[in-house]
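# Secondary and tertiary structure notes
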Amino acid sequence: MGNLLTYSGIAAKVRAMESQFLTDSDFQEMASLPSVREAQEFLKRFPAYEELFAHTDGELHRGDIEKLLHLSIHRDFQRLYLFATPVQRRFLNLYFTNFEITLLKKCLRHIFGSNPVPLDLTAFQEFFRGRSRLDPQLLASSGTLSQLTDNLKGTAYYDLFHNLENTENASLFDYEMQLDLYHFRYIWQHRDKLFTKEEQKAITQCFGSKMDLLNIQWIYRSKKYYHLDAAMIYPLLIPIYYRLKQEDIQKLSQAASVEELFNLLSFTYYGTLSSADLSDHPDLEAMYRDVLGKIYSHARRRYPYSAAVLNSYFYFKNAEVHRIITTIESVRYGVNPGAITSYSIIN
């Protein structure tokens, strides 16, 4: 009863916000539009995007569209944070590391991409003020990895960047992987301290599965694209085990071929949960989203009055933003509407 009383209000708030998500028919209509400009106009029909796209003039570049769509996620976070009780804010404060990691990845991709156009993060300044030690404008001014590392002094990320800076030939993959490791370890370490036993089960189910699936993706990529052996794969993986036990990870990493990897994967929890036929070697990105969508939906249904409702909301909101970006970019490049809808659903 306690959890019901604690979460009934915000659960109703989340359901109301979820009712504003775009439907499959909305995506089909957007995919059939002849131009990006009309797709932008189309988004103005929806409360989550109406104000953000209200003053756009002309066809926006992908980066500008992504910025506006990510601002919609920030606004949703702010709305829920203001509505939340101190108990519910414990999860939201923990979740905020997602936004920090995303911001740092934007900076890293800009630096590694040698983009001559200055990175503009001013739109995110207000959102981070008072919630984070990260200063978006200061970080955006970083032209090199050394400058970015210096600009992270006083934050939880400085040691991570400082250590990587002293690692020979550290790549963008190395930086992003270490940020992901930091994020998952942080969530894993704090879940028992901040949540009730019921909430711990929901958080563990979602984040544990996400870590397992990321490990599967990294094993797959290591074998398919880099032809690494097991000894070289192990250091790349998240050293936390949920449904995949250590022996499962060892077997997958030691697979002699991609074919053997998919065969082994078919006998795991995630292989049985996947809608795809693993013997056909499906796109693992598609499998990742398919399986995680089922897991987050299940957690929301099983723990309707817990932090799971907030966790699942942001998962599906991020999925919607990704699908919008995919659809608009496909419109930009003249992809057949039927192919757009199919691609955006599986990705």
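Procedures and definitions
- Residue indices follow the written sequence of each chain, beginning from 1 at its first position.
- Selection of residues for local features in this predicted model requires a pLDDT of at least 70, selection of side-chain atom pairs for listing and counting requires 80 or more, and totals for whole chains, interfaces and linings are taken over all residues.
- Remark: hydrogens and water are excluded; side-chain values derive from all non-hydrogen atoms of the structure.
- Here the term buried applies to any residue with accessible area under 20% of the maximum for its type, exposed to any over 50%, and partly exposed to those in between, with areas from a 1.4 Å probe on protein chains only.
- For helices the rule is a DSSP run of H or I covering at least 4 residues; for strands it is a run of E covering at least 2, with both sets numbered from the N terminus onward.
- The arc in question is the one spanned by the directions pointing from the helix axis to the C-beta atoms.
- Contacts between residues were defined by any pair of non-hydrogen atoms, one from each residue, lying within 4.5 Å.
- Throughout this description, the term salt bridge denotes a Lys or Arg side-chain nitrogen within 4 Å of a carboxyl oxygen of Asp or Glu.

Going by an unreviewed UniProt entry, the protein chain carries the name V-type ATPase subunit and comes from Candidatus Lachnoclostridium stercoravium.

Our next topic: helix α16 (residues 258-265). Restricting attention to buried positions, one finds in α16 the residues Val258, Leu261, Phe262 and Leu265. For α16, the buried positions fall inside an angular range of 95° around the axis, keeping them on one side. On its buried face, α16 sits against α13 (197-224), α15 (246-253), α17 (269-273) and α18 (284-302).

The next subject is the pattern of salt bridges. Enumeration according to the criterion identifies 20 salt bridges in this entry. The salt bridge partner of Arg109 is Glu176, with a shortest N-O separation of 2.6 Å. Taken together, the residues Arg109 in helix α7 (residues 97-112) and Glu176 in helix α12 (residues 172-194) connect sequence positions 67 residues apart. Here Arg109 falls in the partly exposed class, since its relative accessible area comes to 46%. A network of salt bridges, in which partner residues are shared, links Arg37, Glu41, Lys44 and Asp57.

Bringing unusual backbone geometry into the picture now. With a phi angle near 60°, Asn169 is a residue other than glycine that sits in the positive phi range. Mapping Asn169 onto the fold places it in the loop between α11 (158-165) and α12. Unlike most non-glycine residues, His281 shows phi in positive territory, near 55°. Checked against the element boundaries, His281 lands in the loop between α17 and α18.

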